[in-house]
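# Residue-level structural notes
Spelled out from the first residue to the last, the chains are:
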Amino acid sequence: MHSMDDIGGAADDPRLSSPAAQRNRGPIGEILRQVMPARGSVLEIASGSGEHAVYLAEALPGLRWQPSDTSPEALRSIAAWREAAAPPNLLAPLALDVTAEWPEVAELAAVCAFNLVHIAPWAVAEALFAGAGRQLPPGGLLVLYGPFKRAETPLAASNARFDEALRARDPRWGIRDLTALEALAAAAGLEALQVHEMPANNLCLVWRRAARA
């Protein structure tokens, strides 16, 4: 997900384009190639323009990529990118609000959310982890990408400015503390956090669904 201020498109073309998505899709794809299973379905939450979905479906041809979003504009953009690129493993986008009921996704192997939890109220993060915990099978992955705060690492100056700007736009937004996310993960039955350093002071976080008691 990206703020719509960061996404643009031609007036007569429903395809939106996000410069941030174009910059970070390659590094995200490299991490996903390392951690994703060979088969199954991936549910992408808040797919935004749809550029991640197209790129990652093409990069991971053994997986079925299920994009989703709450915005009708984003859903039209995802559908248009899908039609133009036509990767056979990219599914039609779903209208999905993480704070509401989630649809069933066949053979779900992973849930991904890129640039979401800092541009949304905390309740969205809570619902994201809870939903992943309910829907994922044992061994299934939850993957997040974006800027995060770590207790042992001072926040980079660029991220500190970004955090201030986010909170000025909406006091419910802001860069999330990794410790708080780990608490949500533990409550949802997710474990084995992997932290991958990414360009531009971002992180890629990977949790695995524990075996159910």
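Above this text is the structure in question.
What comes next concerns the included structure.

Procedures and definitions
- Residues numbered from 1 in each chain as written.
- Predicted model: local features only at pLDDT ≥ 70, side-chain atom pairs only at ≥ 80, totals over all residues.
- Heavy atoms only, no water.
- Helix = DSSP H or I, 4+ residues; strand = E, 2+ residues; numbered from the N terminus.
- Rg over C-alpha atoms; globule rule 2.2 N^0.38 Å.
- Buried < 20%, exposed > 50% of the residue type's maximum accessible area, 1.4 Å probe, protein only.
- Areas by Shrake-Rupley, 256 points an atom, 1.4 Å probe, with all protein chains shown as cover.
- Lys, Arg positive; Asp, Glu negative; His and termini not counted.
- Charge placed at Lys NZ, Arg CZ, Asp CG, Glu CD.
- Pairing = 2+ DSSP bridges.
- Right-handed = clockwise from strand over helix to strand, strands pointing away.
- Axes fitted to C-alpha atoms, helices over the stretch in contact; angles between N-to-C directions.
- Left-handed = near helix turned anticlockwise from the far one by under 90°.
- Contact = heavy atoms within 4.5 Å.
- Nonpolar A, V, L, I, M, F, W, Y, C, P; charged D, E, K, R; others polar.
- Expected span 1.5 Å × (residues − 1).
- Bend = angle between axes of the 7 residues up to and from the residue.
- Polar contact = N/O pair within 3.5 Å; in protein donor to acceptor, adjacent residues only side chain to side chain.

## Here we look at the overall build of the chain
Scanning the chain for helices and strands turns up 6 helices and 10 strands. For 213 residues, the compact-globule estimate of 2.2 N^0.38 gives 17 Å, and the C-alpha radius of gyration of the chain, at 16 Å, lies within 12% of that figure. C-alpha extents for the chain along the principal axes are approximately 45 × 45 × 30 Å. Classification of the 213 residues of the chain by burial places 51% in the buried group. Here the chain displays about 9,600 Å² of accessible surface, and carbon together with sulfur accounts for 53% of that area. Charged side chains in the chain number 19 positive and 24 negative. The centres of these two groups are separated by 3 Å.

## Looking at the pairing of strand E6 (residues 141-146)
Most of E6 is tucked away: 6 of the 6 residues are buried. Alternating positions in E6 separate into two faces, Leu141, Val143 and Tyr145 on one and Leu142, Leu144 and Gly146 on the other, with burial throughout. One ladder, built from 5 bridges, connects strand E5 (residues 108-114) with E6; its direction is parallel. Among the inter-strand pairings, Ala113 is bridged to a residue of E6, identified as Leu144. Crossover E5 to E6 through helix H4 (residues 122-135) is right-handed. By the bridge criterion, 6 bridges tie E6 to strand E10 (residues 202-209) in an arrangement that is antiparallel. The partner of Val143 across the bridge, within E10, is Val206.

## Examining the pairing of E5
Among the 7 residues in E5, 7 count as buried, and that is most of the element. Note that strand E1 (residues 40-45) and E5 share 5 bridges and pair parallel. Among the inter-strand pairings, Glu44 is bridged to a residue of E5, identified as Cys112.

## Digging into the packing of H4 against helix H6 (residues 178-187)
For any two helices packed against each other, one specifies the inter-axial angle together with the distance between the axes. For the pair H4 and H6, the least separation of the axes is 9 Å and the interaxial angle reads 35°. Seen along the crossing, H4 lies across H6 with a hand that is right-handed. Of H6, the residues touching H4 (which contributes Trp122, Ala125, Glu126 and Phe129) are Ala180, Leu181, Leu184 and Ala185. Residues belonging to the contact of H4 with H6 are distributed by class as follows: 7 nonpolar, no polar and 1 charged.

## Quick word on the sheet that holds E5
Within the open sheet, the 6 strands sit side by side as E2-E1-E5-E6-E10-E9. Their pairing is mixed. Looking at which strands have only one partner, the edges of the open sheet turn out to be strand E2 (63-66) and strand E9 (190-198). When strand polarity is set aside, the average angle formed by the axes of neighbouring strands in this sheet is 20°. On the sheet, H6 packs against E9 and E10 and is oriented at approximately 15° with respect to E10.

## Brief notes about helix H1 (residues 19-35)
Note that an α-helix has 3.6 residues per turn; residues three or four places apart therefore point the same way. Helix length check: H1 (17 residues) gives 25 Å between terminal C-alpha atoms against 24 Å at 1.5 Å per residue, within 8%. Taking the largest bend as the criterion, H1 deviates by roughly 40°, centred on Arg25, and proline Pro27 comes between one and four positions later. Taken as a whole, H1 has its buried residues at Ala20, Ala21, Asn24, Ile28, Gly29, Ile31, Leu32 and Val35. On the buried face of H1, the contacting elements are helix H2 (51-59), E2, E5, E6, E9 and E10.

## Some details on the packing of H2 against helix H3 (residues 72-85)
It is the contact of H2 with H3, at a shortest axis distance of 8 Å, that shows an interaxial angle of 35°. For the pair H2 and H3, the crossing hand works out as right-handed. Along its contact with H2, which presents Glu51, Val54 and Glu58, the element H3 presents Trp81, Arg82 and Ala85. Of the residues belonging to the contact of H2 with H3, the class tally is 3 nonpolar, no polar and 3 charged.

## Looking at the environment of Asp69
Secondary-structure assignment places Asp69 in strand E3 (residues 68-69). For Asp69, a relative accessible area of 8% translates into the label buried. Note: C-alpha distance between Asp69 and Gly50 (19 residues apart in sequence) is 9.4 Å. Those residues in contact with Asp69, other than ones at most four positions away along the chain, are Ala46, Ser47, Gly48, Ala74, Leu75, Ile78, Leu94, Ala95 and Leu96. A polar contact is formed between the side chain of Asp69 and the backbone nitrogen of Ser47, at a distance of 3.2 Å. Within the local environment of Asp69, its side chain forms a polar contact with the backbone nitrogen of Ser71, the two atoms lying 3.0 Å apart.

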